[in-house]
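Tertiary structure, described
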2 protein chains.
Amino acid sequence: VRELRNIKLVIEYDGTNYSGWQRQNNALTVQECIENAIYSITKERVDTIGCSRTDAGVHAREFVLNFKINSSIEEKKIKNALNAFLPDDIIVTQAYVVDDDFHARYHCKGKMYSYTVYTRREGTALFRNYSYTFKKKLDLDKMIRASKCFIGTHDFSSFRNLGSSAKTAERTITDFRIEQNGDMIKFYIAADGFLYNMVRIIVGTLIDIGIGRREENYINYLMEIKDRSKAGKSVPPQGLCLEEVFY
Amino acid sequence: VRELRNIKLVIEYDGTNYSGWQRQNNALTVQECIENAIYSITKERVDTIGCSRTDAGVHAREFVLNFKINSSIEEKKIKNALNAFLPDDIIVTQAYVVDDDFHARYHCKGKMYSYTVYTRREGTALFRNYSYTFKKKLDLDKMIRASKCFIGTHDFSSFRNLGSSAKTAERTITDFRIEQNGDMIKFYIAADGFLYNMVRIIVGTLIDIGIGRREENYINYLMEIKDRSKAGKSVPPQGLCLEEVFY
């Protein structure tokens, strides 16, 4: 009797044409494409475990998942075999046999997301699917100073939307960088975990500070008051990209 | 009697869904979209003059064109009016009334193109429409040294494909930079003018040097021999982007 093998995949995807990671009945998702490709090479219907759920339109430069198969396919052939069946906006970059107990979600120790804001009034043709166009002038220095308030362990109740089952709102942000390159502003946020829409609400709130609608110390107030309705709006999904997953 | 006004536009476009700049009978082009948008706001059918022809799939971060209109539309309203009628992969970033004799092609003093090569074996999902995946290892130092041979005034007969009506093959390359960022290699080439497919053949030839198929001094040999068949292949269009146009 052959033992089930636990396979870990690292994938990259362009989320533009997908309704997020998680399988749904009436919409195409990345998980469905991955599971169909696994079926094509193994004839096994597996349940993949993703490191997180990503929303429709969100991208991933590095997304990790695992699944168990009976198939005797050689480890070193898995990557290319899957890529042969995947559409060109989803790519397997690594495929390994891992310990039986490896779990892509439970064992995840942290993640880094990026969020891209394009500040040119006219928007952008080339980056339209990978950024959010914000047409007003932003005070970058103010935003950078305010972003420091997020670093460390805090209650992020003000920065979560309904829709997650997380029991506690306490998370630790380990790194927060904001970089400007011409009309493009990129936010990089690393944490041990993220609440639902947390990055998008954090960026929306920093934008409120960047246009002068809120003071720099407003972040601390939001941490204390724990009231989602007082934070900024959730900026759109296409600017968001899962950059790295830590184990 | 109102005088015709000469309008200069600067546009950005994602070339993925277009058969290049130049109007064609049976294919959608950027020029057709621009001229349709001009018709929508002026009810005038104009002939636009582009700074260059770009091939199908080629992008432009900055492309310049001009055209003459009778319409009394205010100068400052032209940009937003056109953007309202353009698809979201073509954007007007500047629109001005210019001197009557301004000609986007004849008055162009130079251009800068970029070409993006992605070197990861598995390719890229996120940059698939904006790069060429080359799966073999490239010796970047060799390519950078060889690229220096292009700088200056040379006969580029070895680096042109049939299809242009240029009378002479002499061009002056004013700047040539190669930058690496992870798996991505970007070539930036500025010149007073480019022959048909010149950038793509130059990059293809440097790749031959980067994999050791040709020696570094092969560029000088190609300049002398003036034989297209001895140069590298023309790499695919989607890696090419017109970055800047100089007047």
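Everything below is about the structure printed above this text.
What comes next is a walk through the structure. Since the structure is predicted, the reported quantities are computational estimates derived from the model, not experimental observations.

1. Comments concerning the relation of the copies chain B and chain A
Rotating chain B by 180° and translating it 0.0 Å along the rotation axis places it on chain A, where the RMSD comes to 0.0 Å. Overall, the copies show the geometry of a two-fold rotation axis. Within chain B, the C-alpha atom positioned nearest to the axis of rotation is that of B:F127, 5.3 Å from it. Here 100% of the interface residues in chain B have copies in chain A that are interface residues too; the copies meet face to matching face.

2. Structural notes on the interface of chain B and chain A
With 26 residues of chain B in contact, the opposing surface of chain A contributes 26 residues. Taking both partners together, chain B and chain A bury about 2000 Å²; carbon and sulfur atoms supply 52% of that area. By the criterion of area lost to chain A, the three top residues of chain B are B:E122, B:L126 and B:R128, representing 34% of everything that side buries. Here chain B and chain A share eight salt bridges between them. With its nearest N and O atoms 2.9 Å apart, the salt bridge here joins A:D14 to B:R128. Across the chain B-chain A interface, the total number found is 14 residue pairs in polar contact (both at pLDDT 80 or more). Counting residues per element, the ones that place at least two in the side of chain B that touches chain A are β1 (5-13), β3 (59-69), α2 (75-85) and β4 (90-98) of chain B. Counting residues per element, the side of chain B that touches chain A draws most heavily on β4(B), which supplies four residues. Classifying every residue of the side of chain B that touches chain A gives 11 nonpolar, six polar and nine charged.

3. Remarks on helix α3 (residues 140-147) of chain A
All names here are of chain A. Within α3, burial applies to L140, M143, A146 and S147. Buried residues of α3, seen end-on, are gathered within an arc of 130° and therefore sit on one face of the element. Buried residues along α3 sit in contact with β8 (170-181), β9 (184-191), α4 (198-210) and α5 (218-225). Where α3 begins, the capping side chain belongs to D139, and its oxygen is found 3.2 Å from the backbone nitrogen of D141.

4. Details of the pattern of salt bridges
Counted by the stated rule, this structure contains 32 salt bridges over all chains. Put simply, A:R120 and A:E122 hold a salt bridge, and the shortest N to O gap is 4.0 Å. Given the relative accessible area of 15%, A:R120 is considered buried. Here B:R213 ties to B:D208 by a salt bridge, and the two come within 3.1 Å at their closest N and O atoms. Judged by relative accessible area, which is 54%, B:R213 ranks as exposed. Assessed through its relative accessible area of 11%, B:D208 is described here as buried. Linked by salt bridges that have partners in common, A:E12, A:K79, B:R120 and B:E122 make up one network.

5. Some points on the packing of helix α1 (residues 30-42) of chain A against helix α2 (residues 75-85) of chain A
Pairs of packed helices are described in terms of their axes, by the angle between the two and the distance that separates them. All names here are of chain A. At their nearest, the axes of α1 and α2 sit 9 Å apart, and the two run at 115° to each other. As for how α1 packs across α2, the hand of that crossing is right-handed. Along the contact surface, α1 presents A37, I38, S40 and I41, while α2 presents I78, A81, L82 and F85. Of the residues assigned to the contact of α1 with α2, the class counts are seven nonpolar, one polar and no charged.

6. Quick look at the environment of A:E3
Looking at the secondary structure, you find A:E3 in the segment before β1 (5-13). Spatially, the C-alpha atoms of A:E3 and A:D47 are 17 Å apart, while their sequence positions differ by 44 residues.

7. Quick word on the state of the cysteines
Evaluation of the coordinates by the stated rule reveals zero disulfides over all chains. With no disulfide of its own, A:C108 has A:C51 as its nearest cysteine by sulfur position, at a separation of 5.9 Å. Left without a disulfide partner, B:C33 is nearest to the cysteine sulfur of B:C51, which lies 17 Å away.

8. Considerations on the packing of α3(A) against α4(A)
Residue and element names in this part refer to chain A. α4 packs onto α3 with a crossing angle of 135° between their chain directions and a minimal axis gap of 8 Å. With respect to α4, the element α3 is oriented oblique. Between α3 and α4 lies a crossing whose hand is right-handed. Within the contact between the two elements, α3 uses K142, M143, A146 and S147 and α4 uses L206, I207, I209 and G210.

9. Some thoughts on α4(A)
All names here are of chain A. Spanning 13 residues, α4 covers 18 Å between terminal C-alpha atoms, matching the ideal 18 Å at 1.5 Å per step. For α4, the buried fraction is high: 13 of the 13 residues fall into the buried class. Two residues or fewer after α4 comes G212, characterised by a positive phi angle close to 85°.

Definitions and cut-offs
- Residues numbered from 1 in each chain as written.
- Chains lettered and ligands numbered in written order.
- Predicted model: local features only at pLDDT ≥ 70, side-chain atom pairs only at ≥ 80, totals over all residues.
- Heavy atoms only, no water.
- Least-squares fit on C-alpha atoms with pLDDT ≥ 70 in both.
- Contact = heavy atoms within 4.5 Å.
- Buried area = accessible area lost by both parts, 1.4 Å probe.
- Salt bridge = Lys/Arg side-chain N within 4 Å of Asp/Glu carboxyl O.
- Polar contact = N/O pair within 3.5 Å; in protein donor to acceptor, adjacent residues only side chain to side chain.
- Helix = DSSP H or I, 4+ residues; strand = E, 2+ residues; numbered from the N terminus.
- Nonpolar A, V, L, I, M, F, W, Y, C, P; charged D, E, K, R; others polar.
- Buried < 20%, exposed > 50% of the residue type's maximum accessible area, 1.4 Å probe, protein only.
- Arc of directions from axis to C-beta.
- Axes fitted to C-alpha atoms, helices over the stretch in contact; angles between N-to-C directions.
- Left-handed = near helix turned anticlockwise from the far one by under 90°.
- Disulfide = S-S within 2.5 Å.
- Parallel < 35°, antiparallel > 145°, perpendicular 65-115°, else oblique.
- Expected span 1.5 Å × (residues − 1).

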